[in-house]
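Next come the chains, spelled out residue by residue.
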Amino acid sequence: MGKATPTLPDRLFTWLRSGAPALLLTTGEDGFANVAYTWAAAPDARRVRFGADHGSATLANLQRDGRAALQIVAARNLAFLVKGPARTIKERIAAAPFRIALMEMEVVEAKDQAWPGVTVAPLAYQWPPEQREAMLAMEQAVYAELREWQAEG
């Protein structure tokens, strides 16, 4: 496994710039790990934005504790764990058809978890055929909002 860096390495930033599914890890009130599937995108190599569902244990954990990790698994044996403090920057991702908070993580560590000679399968949403086009369009709109959102004022 590779070393940890304080920002996103170039190949990880390139992957996250356009947006990708990720596993979001938080710590529950009981001290055990909580995992949720989410969308993530990086506006730069120091920040990653992602969604957290309203009413979920994940969002409650983030609001209580403020620490998060994202597990990124992608093509070409890209496997990273990204850690850092996270905060809500927008109450709702407008592009999503359900209530998801827009969160932002300050990257404090990105650890390469790839093993030489081992290939991982990328995380990906598999939409039902009758919903595929609409859901892919929505997903791309969510990624754009994660990347490009700017605070007003």
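Placed above this text is the structure.
Residues numbered from 1 in each chain as written. Predicted model: local features only at pLDDT ≥ 70, side-chain atom pairs only at ≥ 80, totals over all residues. Heavy atoms only, no water.

**What to know about the pattern of salt bridges**
Now for step 1: Counted according to the given criterion, the structure contains 10 salt bridges.
Now for step 2: Two residues, Arg 47 and Glu 104, come together in a salt bridge whose shortest N-O distance is 3.1 Å. With Arg 47 in strand 4 (residues 47-53) and Glu 104 in strand 7 (residues 100-106), this residue pair connects regions lying 57 residues apart in the sequence.
Now for step 3: By relative accessible area, which is 9% here, Glu 104 ends up buried.
Now for step 4: We note a salt bridge from Arg 147 to Glu 148, for which the minimum N-O separation is 3.6 Å.
Now for step 5: Each of Asp 44, Arg 46, Arg 47, Arg 49, Arg 87 and Glu 104 takes part in salt bridges that share partners, so that together they form one network. (Salt bridge = Lys/Arg side-chain N within 4 Å of Asp/Glu carboxyl O. Helix = DSSP H or I, 4+ residues; strand = E, 2+ residues; numbered from the N terminus. Buried < 20%, exposed > 50% of the residue type's maximum accessible area, 1.4 Å probe, protein only.)

**Description of unusual backbone geometry**
Now for step 1: One non-glycine residue with positive phi stands out, namely Arg 76, at about 60 degrees.
Now for step 2: With respect to the helices and strands, Arg 76 occurs in the loop between strand 5 (67-74) and strand 6 (78-90).
Now for step 3: Take Arg 76: its relative accessible area is 75%, and that puts it in the exposed class.
Now for step 4: Even without glycine at this site, Asn 77 takes up a positive phi of about 55 degrees.
Now for step 5: By secondary structure assignment, the location of Asn 77 is in the loop between strand 5 and strand 6.
Now for step 6: Here Asn 77 falls in the buried class, since its relative accessible area comes to 16%.

**Let's talk about the side chain of Gln 71**
Now for step 1: Its location among the elements puts Gln 71 in strand 5.
Now for step 2: With relative accessibility at 18%, the residue Gln 71 sits in the buried group.
Now for step 3: In terms of polar contacts, Gln 71 uses its side chain to reach the side chain of Gln 113, at 2.9 Å.
Now for step 4: When near neighbours in sequence (up to four residues on either side) are disregarded, Gln 71 contacts Ala 22, Leu 23, Leu 25, Ala 79, Phe 80, Leu 81, Gln 113 and Leu 123. (Polar contact = N/O pair within 3.5 Å; in protein donor to acceptor, adjacent residues only side chain to side chain. Contact = heavy atoms within 4.5 Å.)

**Some remarks on the layout of surface pockets**
Now for step 1: Size it by volume and the largest pocket reaches roughly 160 Å³.
Now for step 2: Of all elements in the fold, only strand 3 (33-44) and strand 4 reach the threshold of two or more residues within the lining of the largest pocket.
Now for step 3: Looking at the lining of the largest pocket, the element that brings in the most residues is strand 3, giving four residues.
Now for step 4: Per-class residue counts for the lining of the largest pocket are 10 nonpolar, four polar and one charged. (1 Å grid on protein atoms, 1.4 Å probe; cavity = no way out; pocket = protein on both sides within 12 Å on 5 of 7 lines; lining within 4 Å. Points joined across faces, edges and corners; volume = space filled by probe spheres on them. Nonpolar A, V, L, I, M, F, W, Y, C, P; charged D, E, K, R; others polar.)

**Some words on the side chain of Asn 77**
Now for step 1: At 2.9 Å, the side chain of Asn 77 forms a polar contact with the backbone oxygen of Val 118.
Now for step 2: Residues in contact with Asn 77, not counting those within four places in the same chain, are Arg 11, Ala 114, Trp 115, Val 118, Thr 119 and Val 120.

**Looking at the environment of Glu 133**
Now for step 1: Here Glu 133 is to be found in helix 3 (residues 132-148).
Now for step 2: Sequence spacing of Glu 133 and Glu 152 is 19 residues, and the spatial spacing of their C-alpha atoms is 32 Å.

Keep in mind these numbers describe shape, not what the thing actually does.
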